[in-house]
Amino acid sequence: MVFAEQPTNKNQVLFADFDMKQAEVFWYRTSDAYSNPLTPTVSLFNNYFGGGMGSIVFQTIRESKALAYSTYAFYGQPYKKENHYTVGAYVGTQADKFNEAIKGMNELLDVLPESSKGLDIAKVSLQKSIASERVLNASILGSYLSAQRLGNTTDIRKVVYEQAPKLTYADLNMFHKKEMSQKPYVYCIVAKEDSLKPEDLARLGEVKKLDLKEIFGY
């Protein structure tokens, strides 16, 4: 079965009711088709923006504003060259902080904060992770097949290792504006329905309530 990727043309809310104290929110949108030359930028951007405890997203939403117990964001690489990149972001928060958490993440998706220290850390972290990684045994075959699916004829990590440290904040900011800022998103929300106000959901986009059969297929 071939699943066609759907473009994200407008803001939409997919809501599932679940009896819990927390509210889980995931932002999703499809982006452009795979592009080999973009890989160094994507790799560094993910490290800088939302890839770990030192990232902009984690430091702003969890550490600085204390709006989430878990949070991250990424620009996701497709499985095959025919597929598209995806933008994803997540916040796990208390229901009473729902609106603040949504606002906090949307601000970061619209405007990329500048941190020279954070960028330096992201570059060092990325290079160290590549330098310490070993592709051995059966993983060699898996790495080769993965490269084939994306149309890569060489190990893309070499290009990332050499080019990512040369990128600047301006490069990442340009990429962020093109791929994330002022874009429509699908908000996938799991929470107890009584803990959220319908008008708060409606402000985000067209609301569709899902049942278990729609989600799991049974």
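Just above sits the structure.
Residues numbered from 1 in each chain as written. Predicted model: local features only at pLDDT ≥ 70, side-chain atom pairs only at ≥ 80, totals over all residues. Heavy atoms only, no water.

### What to know about the overall build of the protein chain
In terms of helices and strands, the protein chain carries 9 helices and 6 strands. Within the protein chain, the proportion of its 218 residues that are buried is 40%. Considering only contacts within the protein chain whose residues lie at least 6 apart along the sequence, 81% involve residues at least 24 apart. For the protein chain, the accessible area works out to roughly 12,800 Å², and carbon and sulfur atoms hold 55% of it. Once the 26 positive and 25 negative side-chain charges of the protein chain are each reduced to a mean point, those two points are 5 Å apart. (Helix = DSSP H or I, 4+ residues; strand = E, 2+ residues; numbered from the N terminus. Buried < 20%, exposed > 50% of the residue type's maximum accessible area, 1.4 Å probe, protein only. Contact = heavy atoms within 4.5 Å. Areas by Shrake-Rupley, 256 points an atom, 1.4 Å probe, with all protein chains shown as cover. Lys, Arg positive; Asp, Glu negative; His and termini not counted. Charge placed at Lys NZ, Arg CZ, Asp CG, Glu CD.)

### Some points on unusual backbone geometry
Glycine aside, the phi torsion of most residues is negative, and most peptide linkages are trans. Despite not being glycine, Ala-66 has its phi angle at roughly 50 degrees, a positive value. Overall, the relative accessible area of 41% leaves Ala-66 in the partly exposed class. Phi is positive for Asn-137, which is not a glycine, with a value near 55 degrees. A relative accessible area of 70% places Asn-137 in the exposed class.

### A closer look at the sheet that holds strand β4 (residues 84-94)
Strand pairing in a sheet relies on backbone hydrogen bonds. The paired strands run either parallel or antiparallel. Judged by pairing direction, the sheet is mixed, and its 6 strands sit side by side in the order β3-β4-β2-β5-β1-β6 without closing on themselves. The open sheet has two edge strands, β3 (70-76) and β6 (206-210), and neither has a second partner. With strand direction ignored, the average angle separating the axes of adjacent strands in the sheet is 15 degrees. Of the pairings in the sheet, the one linking strand β2 (residues 22-33) to β4 comprises 10 bridges and is antiparallel in character. Bridging across to β4, Arg-29 finds its partner in Val-87. Where helix α2 (residues 56-64) meets the sheet, its contacts fall on β3 and β4, and the angle it forms with β3 comes to roughly 155 degrees. (Pairing = 2+ DSSP bridges. Axes fitted to C-alpha atoms, helices over the stretch in contact; angles between N-to-C directions.)

### As for the pairing of strand β5 (residues 186-191)
Where strand β1 (residues 12-17) and β5 come together, 6 bridges link them in parallel fashion. Considered in β5, the bridge of Ala-16 is made with Val-190. One ladder, built from 5 bridges, connects β2 with β5; its direction is antiparallel. Looking at the pairing, Glu-24 lines up with Val-190 of β5.

### A closer look at the pattern of salt bridges
The final tally for this structure, using the stated rule, is 12 salt bridges. The salt bridge involving Lys-65 is made with Glu-107; its shortest N-O contact spans 3.3 Å. Note that Lys-65 is positioned in the loop between α2 and β3 and Glu-107 in helix α3 (residues 98-110), a separation of 42 residues in sequence. Owing to a relative accessible area of 40%, Lys-65 belongs among the partly exposed residues under this scheme. Accessibility expressed as a relative area gives 37% for Glu-107, which makes it partly exposed. Taken together, the salt bridges that share partners define one network made up of Asp-32, Lys-178 and Glu-179. (Salt bridge = Lys/Arg side-chain N within 4 Å of Asp/Glu carboxyl O.)

### Focus: the packing of aromatic side chains
With the rule as written, the count across this model stands at 10 aromatic pairs. Taking 5.9 Å as the distance between ring centres and 35 degrees as the angle between the ring planes, the aromatic pair formed by Tyr-34 and Tyr-85 counts as tilted. One end of the pair, Tyr-34, is in the loop between β2 and α1 (39-49); the other, Tyr-85, is in strand β4, with 51 residues separating them in the sequence. Here Tyr-34 matches Tyr-85 in class, with each residue buried. Pairing Phe-216 with Tyr-218 gives two aromatic rings, centres 6.3 Å apart and planes at 40 degrees, and the pair type is tilted. (Phe/Tyr/Trp six-rings, centres within 6.5 Å; stacked < 30°, edge-to-face > 60°.)

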